[in-house]
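Chain and residue survey
Given next are the chains, with one letter for each unit.
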Amino acid sequence: MTQTSYVRTEMVPQKAPPASSAGVIGWMRANLFDGWMNSILTVISLVFIGWVLILAVPWIWSPTWNGTSLQDCRELIEVAGKQQGACWGVINERWPQMLFGFYPEELRIRPSLAFFLLFVALIPVLFNMISRRMNWLLLVLVLFGATFFAEASVLVTLAKIVLGITLVYLAYTVFSTNADTRAEEIAAGANRLPNPLYFSAIYLFLMPWLLWGGPIWAPIGAALGLGLGWLAYRLLAPVIGNLGAVIAAFLVPVVWWLFLNGFFISAMSAVIPVGLEPVDSRLFGGLLLSVTIGVTAIVISLPLGIVLALGRQSDLLIVKSLSVMFIEFIRGVPLITLLFVASVLLNIFMPPGTNFDIILRVIIMATLFASAYMAEVVRGGLAALPRGQYEAADALGLDYWKSQRLIIMPQALKISIPGIVSTFIGLFKDTTLVSIIGLLDPLGLSNAIRADAAWTGIVWELYGFTALLFFIFTFSMSRYSMYLERRLRTDHG
Amino acid sequence: MPAQEIEREVDHSHMHVSDTLAIEIVGMNKWYGQFHVLRDIDLTVYEGERIVICGPSGSGKSTLIRCINRLEEHQAGQIIVDGTELSSDLKNVDKVRSEVGMVFQHFNLFPHLTVLDNLTLAPIWVRKTPRKEAEDIAMQYLEKVKIPEQALKFPGQLSGGQQQRVAIARSLCMKPKIMLFDEPTSALDPEMIKEVLDTMIELAEEGMTMLVVTHEMGFAEKVANRVIFMDDGQIVEQNEPVEFFNNPQSDRTKLFLSQIL
């Protein structure tokens with residue numbers, strides 16, 4: 001007879017798990033040798049990995065760093081008593097070209113500076129764990145470092161002194177501030193450094209100027225256009241209403257950039273001629289070209305994609321149809337076709353004599369291409385949000401834009417992070433397609449280098465180097481997206 | 001009764017029905033496509049009333065209260081909330097919404113914000129209250145719903161009952177004149193229904209105008225001053241709770257009550 005009545009008199013205390021399920025052995029048993037089938041698969045995988053390493057490592061480990069030609073490399077390998085090996089001399093000799101293309105050698109400090117400043121500008125956007133003083137310290141550190149590579153002049157020496165003193169001061173504030181009590185000090189109204197996002201905004205205008213050079217009034221004029229748009233919105237919004245003011249805020253900068261900015265630049269340059277030596281787009285190449293196109297397109301395609309996704313969800317028929325047509329057309333056409341349009345067709349439609357920069361054209365096409373994909377990724381995130389979130393936002397009296405900005409987009413974008421980052425990575429890799437229209441990205445350059453008699457026949461080393469460069473970027477992006485997903489998790493813990 | 005008994009004594013001393021109009025619905029009709037969900041609804045609500053709306057599922061009771069803050073659009077008739085008529089004019093809609101609080105069956109808290117941020121969001125962005133002040137008000141309401149210690153957690157870390165109480169506090173932070181409850185306890189475990197009902201009773205005791213769609217007949221009996229029974233998109237019967245439960249007039253109401261009581 002079974003007993004149906006039972007009363008527990010003592011509660012069971014917590015105990016440690018058995019040794020076989022914890023520690024290294026427990027982990028291996030659970031993940032590698034969990035039954036016969038898995039054990040066999042583990043062994044086969046280990047053998048395969050070992051086999052690949054046995055083949056690859058001796059090839060990579062080759063004493064040819066100082067080889068001056070493929071022939072020379074072969075001799076070096078023979079001297080070392082090996083059958084075969086990589087010829088790393090080509091990388092040793094040509095790596096500056098792989099990074100910068102034909103960018104003038106004495107000016108390469110500028111793209112390098114732009115590259116390092118890119119990280120300084122990205123940090124406050126991407127991470128929230130770094131303090132303001134740390135961020136400004138990094139900025140000054142990069143600028144200070146750059147002065148050592150600049151041509152010596154009175155101005156550079158002066159900058160060195162000023163930056164050096166600032167650096168010491170910032171380093172002092174970093175070490176003298178107690179991170180634990182800082183939050184309270186801020187709440188009590190302690191003096192803070194300005195938000196580093198200001199520099200990130202400035203960087204948007206600084207980067208093209210550093211890369212292409214020209215008078216300093218060009219980036220200032222471009223920024224001024226945005227400032228005028230903002231001013232137009234603030235002045236007109238009370239007079240002609242919100243919608244009219246938004247339209248004006250779009251039109252004013254466009255009119256400024258198209259018609260007035262040129263006069264502004266030439267007039268100001270005549271008065272105060274300050275600027276950097278201009279560099280032609282034809283000289284851009286290598287990783288510099290890929291990063292320029294990739295980063296610009298990535299930065300612009302996300303907001304554009306969001307706008308398109310919202311447009312596609314809109315109740316307004318015309319906005320909706322335009323968005324759908326744009327997205328479906330761009331997604332339906334291969335990127336190479338768009339690039340050919342950029343390199344060949346656009347020139348035919350342009351009035352004769354206009355010089356529309358080829359890199360700019362490519363950036364526009366790559367951006368449009370990515371933004372169409374981005375729009376669909378974001379739309380997926382929007383579709384995954386429960387209806388109740390929209391209703392709760394409405395019921396609280398938030399208007400459309402506020403509820404999008406505060407409630408809907410933060411959640412939709414969080415859901416879409418894997419898709420967004422995939423699109424970014426895809427876009428960055430697609431920048432190599434520009435070699436087809438004659439721009440010298442790392443792949444285009446590797447063909448050019450192989451045309452040199454000394455390096456004819458070199459394939460793996462150049463492609464391997466290019467792959468490594470791209471892998472560093474794409475892998476960082478993928479790790480960052482995983483970090484971001486973890487950071488934004490709010491369900492438990 | 002199938003649902004929660006209200007064990008505590010309800011203090012009626014502050015519950016006054018004034019003769020100021022809060023909501024006036026005249027000849028309102030609504031269709032979903034061809035389907036006629038709400039038919040000739042006439043309803044007048046005075047300030048301080050506690051109205052419970054009940055009825056079988058699909059009778060249009062949720063749709064009715066969702067029309068009051070225009071989460072649903074009505075196609076004919078008039079809805080006037082606190083002197084503002086609801087129409088396609090978005091300004092009026094936003095005005096009504098900021099004065100009418102709503103609590104949903106599935107809480108609809110914002111999962112990406114902390115409890116405190118959930119509460120301060122609308123006061124800061126709609127009412128333009130300074131953050132510090134909004135946070136003080138939010139903490140007051142969290143104390144009122146008895147979970148001030150959860151202020152910095154995320155909604156996903158709270159129990160269902162706690163989430164619903166946060167949702168009530170979130171609506172109250174906007175200092176609404178009218179509160180709408182759309183089946184606030186239907187998604188909760190029995191143990192948690194009580195804590196939410198207690199919060200709602202306290203609110204009623206302070207004299208809030210409330211429209212509650214619910215199956216909690218205990219709440220209707222003890223707290224409401226009027227019970228409305230809906231079926232097929234129409235108001236079939238309305239009466240004071242004692243009369244409504246003890247002496248229902250229409251056959252449809254009798255059938256409904258015999259099934260749920």
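These remarks concern the structure in this document.

Reading guide: rules and limits
Residues numbered from 1 in each chain as written. Chains lettered and ligands numbered in written order. Predicted model: local features only at pLDDT ≥ 70, side-chain atom pairs only at ≥ 80, totals over all residues. Heavy atoms only, no water. Helix = DSSP H or I, 4+ residues; strand = E, 2+ residues; numbered from the N terminus. Buried < 20%, exposed > 50% of the residue type's maximum accessible area, 1.4 Å probe, protein only. Areas by Shrake-Rupley, 256 points an atom, 1.4 Å probe, with all protein chains shown as cover. Rg over C-alpha atoms; globule rule 2.2 N^0.38 Å. Contact = heavy atoms within 4.5 Å. Lys, Arg positive; Asp, Glu negative; His and termini not counted. Charge placed at Lys NZ, Arg CZ, Asp CG, Glu CD. Patch = residues over 30% accessible without salt bridge, like charges linked within 9 Å, V, L, I, M, F, W, Y side chains within 5 Å. Salt bridge = Lys/Arg side-chain N within 4 Å of Asp/Glu carboxyl O. Disulfide = S-S within 2.5 Å. Phe/Tyr/Trp six-rings, centres within 6.5 Å; stacked < 30°, edge-to-face > 60°. Lys NZ or Arg CZ within 6 Å of the ring centre and 35° of its normal. Buried area = accessible area lost by both parts, 1.4 Å probe. Pairing = 2+ DSSP bridges. Axes fitted to C-alpha atoms, helices over the stretch in contact; angles between N-to-C directions. Core = buried A, V, L, I, M, F, W, Y, C linked by side-chain atoms within 4.5 Å.

Another point: the overall build of chain A. Looking only at helices and strands, chain A features 19 helices and 2 strands. Across the 493 residues of chain A, 38% fall into the buried class. When the accessible area of chain A is evaluated, it comes to approximately 29400 Å², of which 71% is carbon and sulfur surface.

Another point: the overall build of chain B. The helix and strand tally for chain B stands at 9 helices and 10 strands. Rg of the C-alpha trace for chain B: 18 Å, near the compact-globule value of 18 Å for 261 residues, within the 12% margin. Principal axes of the C-alpha set define a box for chain B whose edges measure 55 × 45 × 35 Å. Looking at chain B residue by residue over its 261 residues, the buried ones come to 55%. Considering only intrachain contacts with a sequence separation of at least 6, the fraction spanning at least 24 residues in chain B is 70%. Summing over all exposed atoms, chain B offers an accessible surface of approximately 11100 Å²; the carbon and sulfur share of this is 48%. In chain B, 26 side chains carry a positive charge and 40 a negative one; their mean positions are 6 Å apart.

Moving on, we get to a nonpolar patch on the surface. All names here are of chain A. Taken together, the side chains of Leu46, Phe48, Ile49, Trp51, Val52, Leu53, Leu55, Val57 and Trp61 define a hydrophobic patch exposed on the protein surface, amounting to about 1000 Å² of accessible area. Within the element layout of this structure, leucine 46 appears in helix 2 (residues 36-60). Classification of leucine 46 as exposed rests on a relative accessible area of 54%.

Quick look at the state of the cysteines now. Residues and elements named next belong to chain A. Following the criterion strictly, the structure yields 1 disulfide over all chains and no others. Across a sulfur-sulfur distance of 2.0 Å, cysteine 73 and cysteine 87 are joined as a disulfide pair. One quick way to see it: the torsion about the S-S bond of cysteine 73 and cysteine 87 is about 65°, and its sign makes the bridge right-handed. Pair noted here: cysteine 73 is in helix 3 (residues 70-79) and cysteine 87 is in the loop between helix 3 and helix 4 (89-100), with a separation of 14 residues, a long-range link. Given a relative accessible area of 3%, cysteine 87 falls into the buried group.

The relative placement of two aromatic rings is captured by the distance of their centres and the angle of their planes. Scanning the model with the defined rule gives 21 aromatic pairs over all chains in all. Their ring planes at 20° and their centres at 4.9 Å tell us that tryptophan 212 of chain A and phenylalanine 284 of chain A sit as a pair that is stacked. A residue pair is termed long-range when its members are at least 10 positions apart, and tryptophan 212 of chain A in helix 9 (residues 197-212) and phenylalanine 284 of chain A in the loop between strand 2 (275-276) and helix 12 (286-313) qualify at 72 residues. Between phenylalanine 471 of chain A and phenylalanine 475 of chain A the ring centres are 5.1 Å apart and the planes differ by 15°, which places this aromatic pair in the stacked class. Highlighted residues: phenylalanine 471 of chain A and phenylalanine 475 of chain A, both in helix 19 (residues 460-487), separated by 4 residues, approximately one helical turn. Pairwise contacts between aromatic rings join Phe115, Phe116, Phe119, Phe428, Phe470 and Phe473 of chain A into one cluster. The ring centre of phenylalanine 110 of chain B lies 4.5 Å from the NZ or CZ of arginine 170 of chain B, which sits over that ring.

Here we take up the environment of leucine 439 of chain A. All names here are of chain A. Inspection of the secondary structure assignment puts leucine 439 in the loop between helix 17 (400-430) and helix 18 (442-450). Residue classification places leucine 439 among the buried positions, given a relative accessible area of 11%. A C-alpha to C-alpha distance of 9.9 Å links leucine 439 and valine 362, two positions 77 residues apart in sequence. Setting aside its immediate chain neighbours within four residues, leucine 439 contacts Leu289, Ile358, Val362 and Val434.

Here the focus is the interface of chain B and chain A. Every contact between the two is made by 24 residues of chain B and, on the other side, 21 residues of chain A. Carbon and sulfur atoms make up 61% of the area that chain B and chain A hide from each other, which totals about 2000 Å². At the surface where chain B touches chain A, the tally comes to 1 salt bridge. The partner of glutamate 391 of chain A in a salt bridge is arginine 66 of chain B, and the shortest N-O contact between them spans 2.6 Å.

The next point concerns the pattern of salt bridges. All names here are of chain A. Overall, the coordinates contain 23 salt bridges over all chains when judged by the stated rule. For arginine 331, the salt bridge identified is with glutamate 328, shortest N-O distance 3.6 Å. Here the residue arginine 331 and the residue glutamate 328 both occupy positions in helix 13 (residues 317-332), the gap between them amounting to 3 residues, near one helical turn. Taking the relative accessible area as the measure of exposure, glutamate 328 reaches 36% and is therefore partly exposed.

Moving on: a negative patch on the surface. Together, Glu105, Glu106, Glu151 and Glu277 of chain A give the surface a local cluster of negative charge. Mapped onto the elements, glutamate 151 of chain A comes out in the loop between helix 6 (132-147) and helix 7 (154-176).

All right, on to the pairing of strand 8 (residues 209-213) of chain B then. Residues and elements named next belong to chain B. Strand 8 sits mainly inside the fold: 5 of its 5 residues count as buried. Neither face of strand 8 is open: one carries Thr209, Leu211 and Val213, the other Met210 and Val212, and all of them are buried. Here strand 3 (residues 50-54) runs beside strand 8; their pairing, made up of 4 bridges, is parallel. Its bridge partner being in strand 8, arginine 50 is matched across the sheet by methionine 210.

Residues and elements named next belong to chain B. The sheet built from 6 strands is open, its strands ordered 6-7-8-3-9-10 with mixed pairing. Every interior strand has two partners, whereas the edge strands, strand 6 (100-103) and strand 10 (234-239), have only one. Averaged over all neighbouring strand pairs, the angle between strand axes comes to 20°, with direction disregarded. Note: strand 3 against strand 9 (residues 226-231), 4 bridges, orientation parallel. Across the sheet, isoleucine 51 pairs through a bridge with arginine 226, a residue of strand 9. Sitting on the sheet, helix 6 (residues 190-205) touches strand 3, strand 7 (178-182) and strand 8, and the angle it makes with strand 8 is about 150°. In the packing of helix 9 (residues 251-260) onto the sheet, the strands contacted are strand 3, strand 9 and strand 10, and the crossing angle to strand 9 comes to about 100°.

It is worth spelling out the nonpolar core at this point. If you look at the biggest cluster of nonpolar residues, it comprises 136 residues, and the most contacted ones within it are Leu382 of chain A together with Ile23, Ile25, Ile53, Leu64, Val81 and Leu211 of chain B. Not counting chain neighbours up to four residues away, the residues in contact with isoleucine 23 of chain B comprise Leu43, Thr44, Val45, Ile68, Ile80, Val81, Ile178 and Leu211 of chain B. Counting residues in hydrophobic clusters, the runner-up holds 50 residues, among them Phe107, Ile137, Met192 and Leu203 of chain B.

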